[in-house]
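Residues per chain are reported as follows:
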Amino acid sequence: MSAWRPPTILDSFNYAFEGIIHVLRTQRNMRIHFGVALIVLIAALAVDVSRLELIALLLAIAFVLIAEMINTAIEGAIGSLD
């Protein structure tokens, strides 16, 4: 039997990526948000937006995706109470 050890930073990133993959596999709205985000980024690169505009787009996209994941987690927690 091995002793418990705290997760390493690599473990933490692996858990985060597993969570993102899980939500993309199981949540239709997340797939829609992710697809639209890719289209927006491709369009932004096609029209040659400035670096600052691209950073603003990436931040906005990240906030939307994070909000959708938090919403999904809350829905899952509330749904399990029924």
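See the structure above.
Note that the structure is a prediction, hence the values are computed from the model and not measured. (Residues numbered from 1 in each chain as written. Predicted model: local features only at pLDDT ≥ 70, side-chain atom pairs only at ≥ 80, totals over all residues. Heavy atoms only, no water.)

A.B. asks: Looking at this structure, how should I read the overall build of the protein?
C.D. replies: Assigned secondary structure in the protein consists of three helices and zero strands. In the protein, the succession of α and β elements from N to C terminus is α-α-α. Rg of the C-alpha trace for the protein: 17 Å, well past the compact-globule value of 12 Å for 82 residues, more than 25% over. If one aligns the C-alpha atoms of the protein with their principal axes, the spans along those axes are about 55 × 35 × 20 Å. Considering the protein as a whole, with its 82 residues, one finds that 11% of them fall into the buried category. (Helix = DSSP H or I, 4+ residues; strand = E, 2+ residues; numbered from the N terminus. Rg over C-alpha atoms; globule rule 2.2 N^0.38 Å. Buried < 20%, exposed > 50% of the residue type's maximum accessible area, 1.4 Å probe, protein only.)

A.B. asks: Just checking my understanding: could you explain the nonpolar core for this structure?
C.D. replies: One broad rule of soluble globular proteins: the nonpolar side chains tend to lie buried together. Listed in full, the five residues of the largest apolar core are Val23, Met30, Ala37, Ile61 and Leu65. Where this core is concerned, the elements lending two or more residues are helix H2 (28–46) and helix H3 (51–79). Look past the residues within four positions of Ile61 in its chain and what remains in contact with it is Ala37, Val40 and Leu41. (Core = buried A, V, L, I, M, F, W, Y, C linked by side-chain atoms within 4.5 Å. Contact = heavy atoms within 4.5 Å.)

A.B. asks: Could you clarify how one ought to interpret unusual backbone geometry in this entry?
C.D. replies: Peptide bonds are mostly trans, and most non-glycine residues show a negative phi. One non-glycine residue, Asp48, adopts positive backbone phi at about 60°. Locating Asp48 in the fold gives a position in the loop between H2 and H3.

A.B. asks: So what exactly am I meant to see when it comes to H3 here?
C.D. replies: Because each turn of an α-helix spans 3.6 residues, side chains separated by three or four positions end up pointing in the same direction. With 29 residues, H3 should cover 42 Å at 1.5 Å per step; its first-to-last C-alpha distance of 42 Å lies within 8% of that length. Taken together, the buried positions of H3 are occupied by Ile61, Leu65, Glu68 and Thr72. (Expected span 1.5 Å × (residues − 1).)

A.B. asks: Explain H2 here, please?
C.D. replies: Between its first and last C-alpha, H2 extends 27 Å over 19 residues, near the 27 Å set by a 1.5 Å rise per residue. If you check which residues of H2 are buried, you get Met30, Ala37 and Ala44. For H2, the angular spread of buried residues about the axis comes to 50°, placing them on one side. For H2, the exposed residues set more than 90 degrees away from the buried face come down to Arg28, Ile39, Ile42 and Ala46. (Arc of directions from axis to C-beta.)

A.B. asks: Is there a simple way to think about the environment of Ala77 in this case?
C.D. replies: Within the fold, Ala77 resides in helix H3. Ala77 gets classed as partly exposed once you look at its relative accessible area, which sits at 41%. Taking the C-alpha atoms as reference, Ala77 lies 19 Å from Tyr15; in sequence the two are 62 residues apart.

A.B. asks: Just checking my understanding: could you explain the packing of H2 against H3 for this structure?
C.D. replies: The relative placement of two packed helices is expressed as an angle between their axes plus a distance between the axes. One can describe the packing of H2 onto H3 by two numbers: an axis separation of 10 Å at closest approach and a directional angle of 175°. In terms of orientation, H2 lies roughly antiparallel with respect to H3. Residues Asn29, Met30, His33, Phe34, Ala37, Val40, Leu41, Ala44 and Leu45 of H2 form the contact with H3, whose participating residues are Leu54, Leu57, Leu58, Ile61, Val64, Leu65, Glu68 and Met69. Among the residues forming the contact of H2 with H3, the class breakdown is 14 nonpolar, two polar and one charged. (Axes fitted to C-alpha atoms, helices over the stretch in contact; angles between N-to-C directions. Parallel < 35°, antiparallel > 145°, perpendicular 65-115°, else oblique. Nonpolar A, V, L, I, M, F, W, Y, C, P; charged D, E, K, R; others polar.)

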